[in-house]
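Here is how the chains run, residue by residue.
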Amino acid sequence: MERVILHSDMNGFYASVECLYNPDIRDKPVAVGGNAEQRHGIILAKNELAKKYQVKTGEALWQARQKCPGLVIVPPNYKRYLEFARLSRAIYNTYTDRVEPFGLDEAWLDVGGSIQLFGSGESIANDIRRRIYSELGITASVGVSFNKIFAKLGSDIKKPDATTVITRENFRETVWPLPVEDLLYVGPATKRKLNNYGILTIGDLAGTECDVVRGWLGKIGVMLWRYANGEDSSTVSVFDASREDGIKSIGNSTTTPRDLVTVDDVKITVWLLAESVAARLRKHRMMCRTLQLHLRDNKLFTFERQCALRTATQLASEIAEAGMELFVRHCPGFGQPEGTQLPLRSVGVRACDLLRENEFEQLSMFPEEIRRQKHMAIERTMDDIHRRYGDKSVVRGMMLEDRALSRVNPREHVIFPVGWLRAN
């Protein structure tokens, strides 16, 4: 039986929600952005009017204002966006239980088992778009295809409020003429490398010998070559609402009030983020087995490193210590005159490879485990105090060393996107 995969993408999600709650700005170019004074000054989302001025997600606020002097910039309201994401998934779940979120505003659906009830994939896509608009007040674009990659591509081809169907019969005419960077997981660095080899379109990539692409890009090249040729067989996961609204990792990141120039600066920031990540893990009764550290220097070069933890944890101390071990290992000489690492402006901490508390049992006969349990009791007590009296009611002593760095509220910098990358 031919698979029927949908990818739903709510158009200009953050900005559309803000316009819904503020009618006065609906006919204006609108962007959701950070706080320029606190150096969170980038565009997070924009509406269709702002897109006409070539305002782009991720660019600095001052750049966007140069392109569009009348741009209205509003701060993000993540609680509101989470609620709209929940409502949209409730709509998807009326058609299938196979719903796999990809961030707050996007999701894959496998409706192959539902077409006898609701009609063709295109009919279901059109019905979903109609319901999102009538029930939530915003628009969505939906791609329909026989695999996840082309369904995602279809939702990007026509915006806003459109359905695009990509079949085995038409994908060569529809997909192959598109720029190679339109293919999922072809980022700026991969695009440059492929362009240097004369690969400008998805069709160019599909028509190149697989072994040649492997020589250029390694295993990732084989994956991208298969995607370009429509050879994606990955399944749509069953939605699990118990895992923090379907998110498969829990993370926080922040652009710091000033550049981080010493190891102590980084330590304060990593601990601040680790405490928020650990509190969220405990709230959702989850533990992590892998830690990921995200760093961006003041020239905007970004890199990530991760490590397996010695044991599954939800302790801030263990998360922070693992993060600092990663940092010291991969940024030797940071802050020293002979060091080559530039000052940092952004740090992120993400807990990955999650499991439930009841899936993990630790023997308690050893002294170190007894100490862990005592630390856990202390951190849970801190959770209670923070809930009652605020995040800054009790802080670690190191936070008093630099109040400018430690004043950041990490709960305002939650990482929401859901990562999806499998070797197929």
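Heads up: the structure comes first, above all this text.
As a starting point, this report considers the structure included with it. Bear in mind that the values here come from a model prediction, so they are computed numbers and not experimental data. (Residues numbered from 1 in each chain as written. Predicted model: local features only at pLDDT ≥ 70, side-chain atom pairs only at ≥ 80, totals over all residues. Heavy atoms only, no water.)

**Topic: the pattern of salt bridges**
Opposite charge on two side chains permits pairing when their charged atoms draw close.
Then step 1. Here the structure, examined in full by the defined rule, presents 21 salt bridges.
Then step 2. A salt bridge links Arg226 to Glu231, with the shortest nitrogen-to-oxygen separation between them at 4.0 Å.
Then step 3. One continuous salt-bridge network, built from bridges that share partners, spans Asp9, Glu106, Lys152, Asp156 and Lys159. (Salt bridge = Lys/Arg side-chain N within 4 Å of Asp/Glu carboxyl O.)

**A word on the sheet that holds strand β8 (residues 163-165)**
Then step 1. Spatial ordering of the open sheet is given by β5-β6-β1-β7-β8, a layout of five strands whose pairing is mixed. Looking at strand neighbours, the two that pair on one side only are β5 (99-101) and β8, the edges of this open sheet. Taking each pair of neighbouring strands and ignoring which way they run, the sheet shows an average axis angle of 15°.
Then step 2. Of the strand pairs in this sheet, strand β7 (residues 140-145) and β8 are connected by three bridges, and their pairing is parallel. (Pairing = 2+ DSSP bridges. Helix = DSSP H or I, 4+ residues; strand = E, 2+ residues; numbered from the N terminus. Axes fitted to C-alpha atoms, helices over the stretch in contact; angles between N-to-C directions.)

**Focus: the nonpolar core**
Then step 1. By size, the foremost hydrophobic cluster in this structure holds 37 residues, and its most contacted members are Leu281, Ile319 and Phe327.
Then step 2. For this core, the secondary structure elements donating two or more residues are β9 (250-260), α13 (263-283), β10 (286-297), β11 (302-313), α14 (316-330) and β12 (344-356).
Then step 3. If you tally residues by element for this core, the top one is α13, at 10 residues.
Then step 4. Ignoring anything within four residues of it in the chain, the contact list for Phe327 reads Val263, Val266, Leu293, Leu295, Phe334 and Leu344.
Then step 5. In terms of nonpolar packing, the next biggest core, distinct from the first, is built from 34 residues, Ala15, Val30, Ala45 and Val99 among them. (Core = buried A, V, L, I, M, F, W, Y, C linked by side-chain atoms within 4.5 Å. Buried < 20%, exposed > 50% of the residue type's maximum accessible area, 1.4 Å probe, protein only. Contact = heavy atoms within 4.5 Å.)

**Regarding the packing of helix α11 (residues 210-217) against helix α12 (residues 219-228)**
Then step 1. Two numbers describe how α11 lies on α12: the axes approach to 6 Å, and their chain directions differ by 140°. In terms of orientation, α11 and α12 fall into the oblique class. Crossing hand, α11 versus α12: right-handed. Residues Cys210, Val213, Arg214 and Leu217 of α11 touch α12, and the partners they reach there are Lys219, Ile220, Gly221, Val222, Leu224 and Trp225. (Parallel < 35°, antiparallel > 145°, perpendicular 65-115°, else oblique. Left-handed = near helix turned anticlockwise from the far one by under 90°.)

**Looking at the packing of helix α4 (residues 78-92) against helix α6 (residues 121-136)**
Then step 1. As a packed pair, α4 and α6 sit with axes 10 Å apart at the nearest point and diverge in direction by 140°. Between α4 and α6, the crossing angle belongs to the class labelled oblique. Handedness of the crossing formed by α4 with α6: right-handed. Taking contact as the criterion, the partners of Phe84, Leu87, Ser88, Ile91 and Tyr92 in α4 are, on α6, Ile128, Arg131, Ile132, Glu135 and Leu136.
Then step 2. Taken together, the residues of the contact of α4 with α6 sort by class into seven nonpolar, one polar and two charged. (Nonpolar A, V, L, I, M, F, W, Y, C, P; charged D, E, K, R; others polar.)

**Details of the pairing of strand β1 (residues 5-10)**
Then step 1. Across the six residues of β1, six count as buried, placing the element largely inside the fold.
Then step 2. Every second residue of β1 is oriented toward a common face, with Ile5, His7 and Asp9 on one face and Leu6, Ser8 and Met10 on the other, all of them buried.
Then step 3. Pairing of β1 with strand β6 (residues 106-110) involves five bridges; the strand directions are antiparallel. Looking at the pairing, Ser8 lines up with Ala107 of β6.

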